[in-house]
Amino acid sequence: MEELREDHDDGTVARVAAIDIAKASGMVCLRVPHDTLEGRRIQKVWTVASTTNAILELGDKLVCQGVERVVMEATGSYWRPFFYLLEARGLDCWLVNARDVKNVPGRPKTDKLDAVWLAKLAERGMVRASFVPPKAVRQLRDFTRTRTVFVQERTRHKHRVDKVLQDAQIKLSGAVSDLFGMSGRAMLDAMVAGERNPSTLADLAKGSLVKKKAALIEALTGQFEEHHARLLRVLLATVDHLTAQIQELDRLIAHTLEEVTTPRDAGAGRSAGGVNARVLAEKLDAVPGIGPATAQIILA
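The rules behind these values
- Residues numbered from 1 in each chain as written.
- Predicted model: local features only at pLDDT ≥ 70, side-chain atom pairs only at ≥ 80, totals over all residues.
- Heavy atoms only, no water.
- Axes fitted to C-alpha atoms, helices over the stretch in contact; angles between N-to-C directions.
- Helix = DSSP H or I, 4+ residues; strand = E, 2+ residues; numbered from the N terminus.
- Parallel < 35°, antiparallel > 145°, perpendicular 65-115°, else oblique.
- Left-handed = near helix turned anticlockwise from the far one by under 90°.
- Contact = heavy atoms within 4.5 Å.
- Nonpolar A, V, L, I, M, F, W, Y, C, P; charged D, E, K, R; others polar.
- Buried < 20%, exposed > 50% of the residue type's maximum accessible area, 1.4 Å probe, protein only.
- Pairing = 2+ DSSP bridges.
- pLDDT = per-residue confidence, 0-100.
- Core = buried A, V, L, I, M, F, W, Y, C linked by side-chain atoms within 4.5 Å.
- Salt bridge = Lys/Arg side-chain N within 4 Å of Asp/Glu carboxyl O.

**Brief notes about the packing of helix α1 (residues 52-64) against helix α2 (residues 79-88)**
Here α1 crosses α2 at 45°, and the two axes come no closer than 9 Å. One way to sum up the angle between α1 and α2 is to call them oblique. Where α1 crosses over α2, the two elements pack in a sense that is right-handed. For the pair α1 and α2, contact is made by Thr52, Ile55, Leu56, Leu58 and Gly59 and by Pro81, Phe82, Leu85 and Leu86, respectively. Considering only residue class, the contact of α1 with α2 consists of seven nonpolar, two polar and no charged.

Pasting the structure below:
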């Protein structure tokens, strides 16, 4: 180990570790007081692979050294395994924002120097911890974000369906309010199955669309060929698959909401751990302009 004397060390955190994290590894800097010489600190810097076993081994080593705080910079999503595994080992982990730990202008910048700099800032109490939600909330966030991506992807595929129809001179989207409503979807499935007669397709209309048969016949008159049917079959199957995945995510979100509670005991729906997140989601849903999905995203 390398001995260093710190002239301006106020000892805010006596035993600290900092990790400069990359994709496949992390540069660790450990700084602890010297065992016998007052005012001196011992510093060690080494590289740790970002594999589970390597991080768990690092956690054991830091615990044995009596480390009071582990600080790491938020780098993409690469910090997650280090933070979660070390936190589970019982260490006090801090995630800090990159703008709060900028290096001195003109100073050489390497992974080793960055780790040392971060450790020095941490031991002087010159960094602030960013909020990292508890595990249940992180899981809820993963589910809601994935659902948002899938909904956006499904919308894109629905637009592609309309592009195929427009290419075939089928103007169905202009005659129905929802191309994927009960009537619209029945007509799309019939065209994929081989039906080409506009009048027969228009007879599939339901509800208020029944009165628009003439307009539907006009909109369904085009040059829809087998090529369009094949492409439409693929797109509709993709839309159906995404719909099924979104429904599964809805189920997972609902289940997770039942497991999440706020840390405070307030209002109806209180439990031993606090207010149930489902109850909070229902209250948010009651606010004008906020629907169930948006309420879940806000909580996440």
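There is more to say after this.
**Describing the pairing of strand β3 (residues 25-33)**
Of all nine residues in β3, seven are buried, a share of seventy percent or more. Here six bridges tie strand β2 (residues 16-21) to β3, and the two strands are oriented antiparallel to one another. Paired with aspartate 20 across the two strands is methionine 27, which belongs to β3. The antiparallel pairing of β2 with β3 creates a hairpin that spans three residues between the two strands. Pairing of β3 with strand β4 (residues 40-49) involves nine bridges; the strand directions are antiparallel. Along β4, the bridge assignment pairs leucine 30 with lysine 44. Between the antiparallel neighbours β3 and β4 lie six residues, among them glycine 39 with a positive phi of about 90°.

**Quick look at the packing of helix α4 (residues 135-167) against helix α11 (residues 292-299)**
Packed helix pairs are characterised by how far apart their axes lie and by the angle those axes make with each other. The N-to-C vectors of α4 and α11 enclose an angle of 140°; their axes lie 9 Å apart at closest approach. Classified by the angle their axes make, α4 and α11 are oblique. Helix-helix and strand crossings are classified by hand; for α4 and α11 the assignment is left-handed. Only Ala293, Gln296, Ile297 and Leu299 of α11 make contact with α4, whose side of the interface consists of Val137, Leu140, Thr144, Arg147 and Thr148. Here the contact of α4 with α11 is composed, by residue class, of five nonpolar, three polar and one charged.

**Description of the confidence of the model for the protein chain**
Per-residue confidence for the protein chain averages 85 on the pLDDT scale, and 89% of its residues sit at or above 70. Segment residues 1-11: pLDDT under 50, and 30 contacts once partners within four positions in sequence are set aside and those in other chains are kept. Scored below 50 in pLDDT, residues 265-272 shows twelve contacts in the model against residues more than four places distant or in partner chains.

**Focus: the nonpolar core**
Residues Leu165, Leu172, Leu188, Leu216 and Leu232 are the most contacted members of the largest nonpolar core, which totals 28 residues. Of all elements in the fold, only α4, α5 (172-175), α6 (182-193), α7 (198-202), α8 (213-219) and α9 (226-259) reach the threshold of two or more residues within this core. With 24 residues, the next largest nonpolar core counts Ile42, Leu58, Phe82 and Val132 among its residues.

**A few points about the pattern of salt bridges**
Overall, the coordinates contain 13 salt bridges when judged by the stated rule. Across the salt bridge formed by glutamate 226 and arginine 196, the nearest N and O atoms sit 3.6 Å from each other. Taken as a pair, glutamate 226 in helix α9 and arginine 196 in the loop between α6 and α7 lie far apart in primary sequence, 30 residues in all. For arginine 196, a relative accessible area of 29% translates into the label partly exposed. Judged by relative accessible area, which is 40%, glutamate 226 ranks as partly exposed. Several salt bridges share partner residues, and in doing so they unite Arg31, Arg41, Glu123 and Arg124 into one network.

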